2 protein chains.
Amino acid sequence: MADAYQAHLDIYEKDFGVRFTKEDCLGREFWHCVPVDHQASVKDHAWQVGYFRNLKVIPDSQEVLAELSSRHDVYIASAAMQFPNSLREKSDWLDEHFPFIPWQKRILCGHKHVLKGDVLIDDRAYNLEKFEGRRLLFTSPHNTGLTDFERVSSWKEIASLFL
Amino acid sequence: MADAYQAHLDIYEKDFGVRFTKEDCLGREFWHCVPVDHQASVKDHAWQVGYFRNLKVIPDSQEVLAELSSRHDVYIASAAMQFPNSLREKSDWLDEHFPFIPWQKRILCGHKHVLKGDVLIDDRAYNLEKFEGRRLLFTSPHNTGLTDFERVSSWKEIASLFL
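Residues numbered from 1 in each chain as written. Chains lettered and ligands numbered in written order. Predicted model: local features only at pLDDT ≥ 70, side-chain atom pairs only at ≥ 80, totals over all residues.

Caption draft 1: The nonpolar core, seen in detail. Among the nonpolar cores identified, the biggest contains 28 residues, and A:Leu108, A:Cys109, B:Leu108 and B:Cys109 are the most heavily contacted of them. Within the residue set of this core, elements represented by two or more residues are strand S1 (76-79), strand S2 (106-109) and strand S4 (134-138) of chain A together with strand S1 (76-79), strand S2 (106-109) and strand S4 (134-138) of chain B. In contact with B:Cys109, not counting residues within four places along its chain, are A:Ile107, B:Ala77, B:Ala79, B:Ala80 and B:Met81. (Core = buried A, V, L, I, M, F, W, Y, C linked by C-beta atoms within 7 Å. Buried ≥ 20, exposed ≤ 12 C-beta atoms within 10 Å, placed from the backbone. Helix = DSSP H or I, 4+ residues; strand = E, 2+ residues; numbered from the N terminus. Contact = placed C-beta atoms within 7 Å.)

What follows is the structure, given as structure tokens:
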């Protein structure tokens, strides 16, 4: 739903004047793509006030999730507890961009190991690994090298699976 | 873990100079115990800055949870999404009082319907109702009238069940 990877590219360009594209980064975390003496700066992005609040919405996620929510029992589970500053920002971000997902169906968590459900869509393999239902890896530059999971690369693709 | 009911009594006494005890309130939400023209004030408590951050710790919860965590896979799941101001406060409260529960094992949620596990301890029947494992209702004044669930009334009792 939120394009956290693009945010790294944008902040890095602002800080260092160098523009990376996602294609430059395939198979790697963004901090692996920058000079060693810039890595600490990149790792600090998620601790900055506003990082999560200002994330861009991934194309088609709003329309597809609105439609999915009208037909299925959709929960949003976001790994947030590592970054206490992200908690309120993620709540406000959902209020702005996904107001049709009510608070009852929002989860901010650490590990996602105790979530049950029929389908989990996530861009992190470690979030999918212990899930007992159908597991869909949402493509992000950092995970393009993985082959362990069924993959989806866009919300249109998700729509074609479940709508 | 957190004594939210006592907090209502304490804030009410501060605001209106009248001291209720938990025994005065058995079987009722606290807002049901006060005069009609005070009910809106009581319902506002949870929206006040600091309400969640300043909750008192229920006796023995720290010692028992520390020991449980050393032997079992313990997660904290707190219904928090309804109150965006509570998110950071609950995270900070856990950091202060339950630092041995790492962020990986903390969950802030709305409904608890998508949590899986062997045991759920909660003072709200609606949180227990859809849980598939063993369900324990932790006694609070508001739930003393319920007979649908196995009940525990102290952390010592929980210790005797699981330690």
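What follows continues from the structure just given.
Caption draft 2: Highlighting helix H4 (residues 84-97) of chain A. Between the first and last C-alpha of H4(A) there are 21 Å, a value that for 14 residues agrees with the 20 Å anticipated at 1.5 Å per step. Those residues of H4(A) lying buried are A:Ser86, A:Leu87, A:Arg88, A:Glu89, A:Lys90, A:Ser91 and A:Leu94. (Expected span 1.5 Å × (residues − 1).)

Caption draft 3: Examining the interface of chain B and chain A more closely. The interface of chain B with chain A comprises 21 residues on the first partner and 21 residues on the second. Every element with two or more residues in the side of chain B that touches chain A is listed here: helix H4 (84-97) and S2 of chain B. Per-element accounting of the side of chain B that touches chain A gives the leading share, five residues, to H4(B). The residue makeup of the side of chain B that touches chain A, split by class, is 10 nonpolar, six polar and five charged. (Nonpolar A, V, L, I, M, F, W, Y, C, P; charged D, E, K, R; others polar.)

Caption draft 4: Expanded view of the sheet that holds S1(A). If you trace the four strands from one edge of the open sheet to the other, you get S1(A)-S2(A)-S2(B)-S1(B), paired in mixed fashion. A single partner strand is all that each edge strand has here, and the edge strands are S1 of chain A together with S1 of chain B. Here the average twist between neighbouring strands, direction ignored, is 20°. As paired strands, S1(A) and S2(A) are joined by four bridges and run parallel to one another. Across the sheet, residue A:Ala77 finds its bridge partner in S2(A), namely A:Ile107. Of the strands in this sheet, S1 and S2 of chain A together with S2 of chain B are in contact with H4(A), which crosses S2(A) at around 155°. With respect to the sheet, H4(B) is in contact with S2 of chain A together with S1 and S2 of chain B, its orientation differing from that of S2(B) by roughly 155°. (Pairing = 2+ DSSP bridges. Axes fitted to C-alpha atoms, helices over the stretch in contact; angles between N-to-C directions.)

Caption draft 5: Representation of the environment of B:Val152. All names here are of chain B. In this fold, Val152 is placed in strand S5 (residues 150-152). For Val152, a count of 18 C-beta atoms within 10 Å translates into the label partly exposed. With 140 residues separating them along the chain, Val152 and Tyr12 place their C-alpha atoms 27 Å apart. Beyond its immediate chain neighbours, meaning those up to four positions away, Val152 contacts Ile121, Leu136, Phe138, Glu157 and Ile158.

Caption draft 6: Just the sheet that holds strand S3 (residues 119-122) of chain B, in detail. Residues and elements named next belong to chain B. Overall, parallel pairing links the three strands, which are arranged S3-S4-S5 in an open sheet. Each end of this open sheet is capped by a strand with a single partner; those strands are S3 and S5. Going from strand to strand, the sheet's axes swing by 30° on average, the running direction of each strand aside. The pairing of S3 with S4 spans four bridges and is parallel. If you follow Ile121 over to S4, its bridge partner there is Leu136.

Caption draft 7: Looking closely at the pairing of S4(B). Note that S4(B) and S5(B) share three bridges and pair parallel. For B:Leu137, the partnering residue across the bridge sits in S5(B) and is B:Arg151.

Caption draft 8: How the structure looks around the environment of A:Ser41. Residue and element names in this part refer to chain A. Within the secondary structure, Ser41 sits in helix H2 (residues 39-43). For Ser41, a count of 14 C-beta atoms within 10 Å gives the class partly exposed. In this structure, the C-alpha to C-alpha distance between Ser41 and Asp15, residues 26 residues apart in sequence, is 8.9 Å.

Caption draft 9: Summary view of the domain arrangement of chain A. Assigned domains of chain A: these are domain 1 (4-47) and domain 2 (61-162). A per-class count over the side of domain 1 of chain A that touches domain 2 of chain A returns five nonpolar, one polar and three charged. (Domains from an automatic or database assignment.)

Caption draft 10: Quick peek at the relation of the copies chain B and chain A. Superposition of chain B onto chain A requires a rotation of 180° combined with a translation of 0.0 Å along the rotation axis, giving an RMSD of 0.0 Å. Here the transformation between the copies is reduced to the relation of a two-fold axis. Comparing contact sets, 100% of the residues at the interface of chain B also lie at the interface in chain A, consistent with an isologous, same-surface contact. (Least-squares fit on C-alpha atoms with pLDDT ≥ 70 in both.)

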